[in-house]
Each structure stands twice: as C-alpha cells, then as structure tokens.
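# Observations on the model geometry
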Amino acid sequence: MSIEVRNINKRFGDYVALNNISLKFPDGELTALLGPSGCGKTTLLRIIAGLEQAGSGQVLLDGEDASARHVRERQVGFVFQHYVLFKHMTVFENIAFGLRVKPRNIRPTEQAIREQVTKLLNLVQLDWLADQYPSTLSGGQRQRIALARALAVEPRVLLLDEPFGALDAKVRKELRRWLRRLHDELSVTSIFVTHDQEEALEVADQVVVMNKGNVEQIGAPADVYNRPASPFVYGFLGNVNLFRGRIHEGVMEAGSATFRVPDHAKVQDAAGVGYVRPHDLDVQRYAPGAEGIAVQLRHAHAIGPLAQLELVREDNQELIEAVISRDQFAQQSYTEGDRLLVSPKRLDVFVEQVG
Ligand code: ATP
C-alpha cells in the first residue's frame, strides 16, 4: 500500500509540531523518518496511523483519503520502543492475540492460527521460544516477538517507532540488519522512526530528514549523505569541519587558506560556509609553499583501520578533525606537535549571504 501525506499541519497549543508536511511513501519500501528529539517524527507516524488527528491536511492510503477510516480499518501494524507484550501469555499466545480478537465472521480457524503463528515464529527465528513467557526473554527477543505480533494480522503498513531504541548498541546493529532482511522478504510498506543517522542510512530505501516540524530533505541514503540539501542535514548526518569565509569568483577564502568551490556555489561575491567530512581531508607534512591549511597535530587516536587526528589551525586556532588510514599514519610516523597541511579532497559550500 502506498502512503501519501499532503500539507499536514499539527499544533500543540502554540507549538508547531508539524509545519505543512507533504511526503510520499512508495509501496513496499522502507522509509526512515530521521531527526533530533522533538522534531515531530512520532507525531507524523501517529497521524498516519490514525491515532492522532492532524490540524489540517490529508493522509492518502493507496490514493484514497483515510480521514474516514478508523485505526482498525487502516490495516497498520505497530512496533514501539517499549512494546508491552502480555505478561500472562506465552510468546505463542502473544502473537496469536490479534487473530483471536478478530470479529467472528473473519476470525481464522484454530488450525489456521497455529499455522500463521508458527510461520511468524520461524520468520523471526524464535520458534524455540513459543512456550516461554515474555519475562524470560531478552530485550532484543521481545522486540522480535513484538514485530511478529504486529505482522500476524497481515498489515498493509508497518509503523515502527524507535523499535530498537532501548537496546544496547550491538543488539541494535544486529536487529536493524535483521529487519532489513525481513523487509526484503515481506515488502510491506514500512515507516521507521529513528534519531540514529547510522541506523537510518543502513536500513532504509528512503530517508526523510526532519528538523523542527519541517522536512529538510528526502532521498536515498547515499543522496542525503553525499549531497545534503542544507547545513542542518550536513551536520546531523555525521562529523563535519566548517570553514567560514568569503566566496569570490569560484574561490573561497577562509582565513589564510583558499579553496576552489563546487559549481553550484560559484557566485560572484558572497559569505559562505564550506563543509568537509573528516575522511575527505587530505593530510600531509607541512612544506613551505605547498597548498593547504597549516595545522598542528594536537592528538591522534588510531582505532582499527583508521586514525583520527585532532588538528589545530595555525591561523585562527580552530579545531579540525581528520581521519586517515592507519597505514598512512604509521608510515608517516606523525607525532603530537607535528606541523601538517590539510586540504579538502571534496568540499561542499552553502552560500549564506550574497554580496
Ligand atoms: P522523540 O524522538 O523525542 O520521540 P519526535 O521527533 O518523535 O521526538 P514528537 O514526539 O513528534 O517528536 O513531538 C514533537 C513535539 O511536539 C515535541 O516538542 C513534543 O513535546 C510536542 N508534543 C508531542 N505530543 C504532544 C502532546 N500530546 N501535547 C503537547 N505537546 C506534544
């Protein structure tokens, strides 16, 4: 089922939680709603589900206005951060619950319920837990059972609100990969709320970056990461170094350094900010006359295949973070206090003020 929201507005008192949001969620795709706490992700999810009323705007399910459809008729499955399984029911009965409470005329037979629950237990790879009670399960197992329970009624849309938010980092990583595989198998249109950029970029087909009730950008994970539409998206999707300066005829002057700017920012004369990710900085030893920004190595931290360098610009004492390979770090035997030169291999520029 495809989902579309058109011009959705939502206020809580004077507070604007959603500001004229229009988005499409294609059929069978997994979309991540990504943004900092309080940006409106959950509110949007609840409006799509029919749990919350929008101030104005429309929700379309397969092209049809959903306003007249009650939550139960929207055929959505939910998984929340703390999904409360019924404590007094076994895992099997928890999954079967949604089928057992269906109206009599559409309730599956006992035999069909058994088959469906067994299929789901296999799907979430927890068939061996069928007769256990929730209190004996780990957090990760509970969330997988919660997902099986949401899937039992064969929803046409799956809404997941930080489903792995309460779990530790390692389990979280495992489960998000597992969710991706599961989604590939089922192809249910799914919307996944998260404030974890890595999670969104790894799991989703489409990422919607939200900020203060607005959509900042929507696109494939590689697009939003490599071509951020705004400084907010740039900063939110990973570490970044900022170079503030003036752009003039295709060149940006930032302190004592000059950079060539990309085509889109080739304005005549403007104030702007250059953005460079730590791994997009080229680092070499200082040599008089060579191009680049002169820095001093303040601290180095080599972890796994990479070395993180904390550098201080000589011209204005600002900090710069660079990431190079551990091999380069070892070959060059950089030590704290060394004078180095950095230059962007790739620079994105946002123009702030023309003239
Ligand atoms: P989080 O990641 O922290 O859950 P979120 O992006 O999901 O954040 P929402 O839960 O959608 O954000 O909330 C958006 C804003 O609306 C927040 O500032 C929140 O305080 C406010 N808000 C949400 N629900 C209500 C409510 N029922 N009454 C008043 N304000 C609310």
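Given the structure is predicted, the values throughout are model-derived calculations rather than measurements. (Residues numbered from 1 in each chain as written. Predicted model: local features only at pLDDT ≥ 70, side-chain atom pairs only at ≥ 80, totals over all residues.)

### A closer look at the environment of Gly-35
Examined against the element boundaries, Gly-35 turns out to sit in the loop between β3 (30-34) and α1 (41-49). For Gly-35, a count of 27 C-beta atoms within 10 Å corresponds to the buried category. Sequence-wise, Gly-35 and Asp-196 are 161 residues apart; in three dimensions their C-alpha atoms are separated by 7.9 Å. Excluding its chain neighbours within four sequence positions, the residues that come into contact with Gly-35 are Lys-41, His-195, Val-209, Met-210 and Asn-211. (Helix = DSSP H or I, 4+ residues; strand = E, 2+ residues; numbered from the N terminus. Buried ≥ 20, exposed ≤ 12 C-beta atoms within 10 Å, placed from the backbone. Contact = placed C-beta atoms within 7 Å.)

### Thoughts on the site of the ligand
Residues in contact with the ligand, as listed here, are Phe-12, Ala-17, Gly-35, Ser-37, Gly-38, Cys-39, Gly-40, Lys-41, Thr-42, Thr-43 and His-195. Looking at the shell around the ligand, the element that brings in the most residues is α1, giving three residues. For the shell around the ligand, the per-class residue count stands at three nonpolar, seven polar and one charged. (Near = placed C-beta within 6 Å. Nonpolar A, V, L, I, M, F, W, Y, C, P; charged D, E, K, R; others polar.)

### Observations concerning α1
Burial within α1 is extensive, with seven of its nine residues counted as buried. Within the sequence span of α1, burial applies to Lys-41, Thr-42, Thr-43, Leu-44, Leu-45, Ile-47 and Ile-48.

### Brief notes about helix α2 (residues 91-100)
Of the residues making up α2, those classed as buried are Val-91, Phe-92, Asn-94, Ile-95 and Ala-96. Structurally, α2 contributes buried residues whose contacts are with α3 (110-123) and α4 (139-152).

### Points about the packing of α3 against α4
Where α3 contacts α4, the axes come no closer than 10 Å and their chain directions differ by 140°. Taken together, the axis directions place α3 and α4 in an arrangement best described as oblique. Our pair here, α3 against α4, has a crossing hand that is right-handed. In contact with Gln-116, Val-117, Leu-120, Leu-121 and Leu-123 of α3, α4 contributes Ala-148, Leu-151 and Ala-152. The residue makeup of the contact of α3 with α4, split by class, is seven nonpolar, one polar and no charged. (Axes fitted to C-alpha atoms, helices over the stretch in contact; angles between N-to-C directions. Parallel < 35°, antiparallel > 145°, perpendicular 65-115°, else oblique. Left-handed = near helix turned anticlockwise from the far one by under 90°.)

### A short note on the sheet that holds strand β18 (residues 319-325)
Within the open sheet, the five strands sit side by side as β15-β19-β16-β17-β18. Their pairing is antiparallel. Pairing within the sheet leaves two strands with one partner each, and these edge strands are β15 (281-285) and β18. In this sheet, neighbouring strand axes are inclined to one another by 45° on average, regardless of whether the strands run parallel or antiparallel. Where strand β17 (residues 306-313) lies against β18, seven bridges are found, and the strand directions are antiparallel. Of the residues in β18, the one forming a bridge with Glu-310 is Glu-321. (Pairing = 2+ DSSP bridges.)

### Here's the deal with unusual backbone geometry
The backbone phi angle of Asp-62 is positive, close to 50°, even though this residue is not glycine. When you line up the elements, Asp-62 lands in the loop between β4 (56-61) and β5 (64-65). Of the residues examined, Asp-62 has 12 C-beta atoms within 10 Å and is grouped as exposed. For Gln-125, which is not a glycine, the phi torsion comes out positive at approximately 55°. Looking at the element boundaries, Gln-125 is found in the loop between α3 and α4.

### Digging into the sheet that holds strand β13 (residues 257-260)
Strand order in the open sheet formed by five strands is β13-β12-β11-β14-β20, with antiparallel pairing between adjacent strands. Looking at strand neighbours, the two that pair on one side only are β13 and β20 (348-354), the edges of this open sheet. Neighbour-to-neighbour, the strand axes of the sheet open up by a mean angle of 35°, direction not taken into account. Alignment of strand β14 (residues 269-276) against β20, held across six bridges, turns out to be antiparallel. Pairing of Gly-274 across the sheet is with Val-349, part of β20.

### What to know about the domain arrangement of the protein chain
Assigned domains of the protein chain: these are domain 1 (3-236) and domain 2 (241-354). Relative to domain 2, the C-alpha centre of domain 1 lies at a distance of 40 Å. (Domains from an automatic or database assignment.)

### Regarding the environment of Gln-284
Locating Gln-284 in the fold gives a position in strand β15. Dropping the residues within four chain positions of it, Gln-284 is found in contact with Leu-340 and Leu-341.

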